[in-house]
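Listed below are the residues making up each chain.
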Amino acid sequence: MQQQTGIFGKIIILSNYFEDSLILKNEKQSNKLYELISNKIKINNMKLIYRASRDGLEFKNVVDKLKDKSNLIFVYLTGKHRIFGNYLKVKLENLGNEIDKYYKDENAFVFSLNNNKI
């Protein structure tokens, strides 16, 4: 991400920020998501670690990709072209173990890109 300041204020250029996303299909959508959630969290390096269409929906595949990870942004697309998601800061330790695990995260939030709300 590049940030520039000029006579019109801060300009954010995100050309490669969500480049691997199949949901955020253009720079306008990427910028909108960044502007919405960057007030709540600091975004540094982003890396796509799980994609259902690539990695499958089997529980084991999801667990293998997400266990012991933190600072996760999930982005979903509905059949009606609605984009929403959530953020988790907590580290997903012991994810996939035989014992049910509940995570408490004071920093978690959900968002709607279409409604521009957290």
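Just above sits the structure.
Please read these numbers as outputs of a predicted model, since none were measured by experiment.

What follows deals with the overall build of the protein. When its secondary structure is counted, the protein shows 3 helices and 5 strands. Across the 118 residues in the protein, those meeting the buried criterion constitute 25%. Counting only contacts in the protein whose residues sit at least 6 apart along the sequence, the fraction spanning at least 24 positions is 40%. Split by element, the accessible area of the protein, about 8800 Å² in all, is 48% carbon and sulfur.

A word on the sheet that holds strand β4 (residues 83–88). Taken in spatial order, the 3 strands make up an open sheet running β3-β4-β5, and their pairing is antiparallel. Strands at the two margins of the open sheet, each flanked by one partner only, are β3 (72–77) and β5 (109–112). Strand-to-strand twist in this sheet, taken as the mean axis angle between neighbours without regard to direction, amounts to 20°. One ladder, built from 4 bridges, connects β4 with β5; its direction is antiparallel. Along β5, the bridge assignment pairs Gly85 with Phe111. Helix α1 (residues 27–37) rests against β3, β4 and β5 of the sheet, and its axis sits at about 140° to β5.

Moving on, we come to the nonpolar core. Counting 13 residues, the largest nonpolar core has Leu24, Leu33, Ile37, Ile41, Phe109, Phe111 and Leu113 as its most contacted members. Looking at this core, the elements that each hand over two or more residues are α1, β4 and β5. The dominant element in this core, judged by the number of residues it contributes, is α1, at 4 residues. Each residue touching Ile37, except ones within four places of it in the same chain, is listed here: Ile43, Ile73, Phe109, Phe111 and Ile118.

This part takes up the packing of aromatic side chains. Remark: the centre distance and the inter-plane angle together describe each pair of aromatic rings, the angle taken between the planes. Applying the stated criterion to the full structure yields 4 aromatic pairs. Relative to Phe84, the ring of Tyr76 has its centre 5.1 Å away and its plane inclined at 25°; by these criteria the two rings are stacked. A relative accessible area of 34% places Tyr76 in the partly exposed class. Ring plane angle 55° and centroid distance 6.5 Å describe the contact between Phe109 and Phe111, whose orientation is recorded as tilted. According to the relative accessible area criterion, Phe109 is buried, its value standing at 9%. Every member of this aromatic cluster is reached through a ring pair, and the members are Phe74, Tyr76 and Phe84.

Structurally, Asp55 can be placed in helix α2 (residues 52–55). Within the local environment of Asp55, its side chain forms a polar contact with the side chain of Arg54, the two groups lying 2.9 Å apart. Non-local contacts of Asp55, meaning those with residues more than four positions away in its chain, are made with Ile49, Tyr50, Asn61 and Lys65.

Where β3 meets β4, 6 bridges bridge the pair, whose relative direction is antiparallel. In the sheet register, Ile73 faces β4, and the bridge partner there is Tyr87. Counted along the chain from β3 to the antiparallel partner β4, the turn is 5 residues long, and its residue His81 has a positive phi close to 65°.

Each value, and the rule that gives it
- Numbering of residues starts from 1 in every chain and runs along the sequence as written.
- Only residues with pLDDT of at least 70 are given local features in this predicted model, and only at 80 or more are side-chain atom pairs given and counted; all residues enter the totals for whole chains, interfaces and linings.
- In computing side-chain values, all of the structure's heavy atoms are included and hydrogens and water are not.
- Per the convention used, a helix needs a DSSP run of H or I reaching at least four residues, while a strand needs a run of E reaching at least two, with both numbered from the N terminus.
- Burial classes follow relative accessibility: with a 1.4 Å probe on protein chains only, a residue under 20% of its type's maximum area counts as buried, one over 50% as exposed, and anything between as partly exposed.
- For this analysis, residues touch if any pair of their heavy atoms sits within 4.5 Å.
- With residues, only the protein chains shown are counted as cover, and all accessible areas are computed by Shrake-Rupley using a 1.4 Å probe.
- A strand pair is defined by DSSP finding two or more bridges across the two strands.
- A fitted line through C-alpha atoms serves as each axis, taken over the contacting stretch for helices, and the angle formed by two N-to-C directions is quoted from 0 to 180°.
- Take the buried Ala, Val, Leu, Ile, Met, Phe, Trp, Tyr and Cys residues and link them wherever side-chain atoms come within 4.5 Å; each set so joined is a nonpolar core.
- Planes of paired rings set the category: under 30 degrees apart is stacked, over 60 is edge-to-face and the rest tilted, where pairs are Phe, Tyr or Trp rings (Trp by its six-membered ring) whose centres lie within 6.5 Å.
- N or O atoms closer than or at 3.5 Å make up a polar contact, with two conditions inside protein: a donor-capable atom paired with an acceptor-capable one, and, for residues adjacent in sequence, both atoms drawn from side chains.

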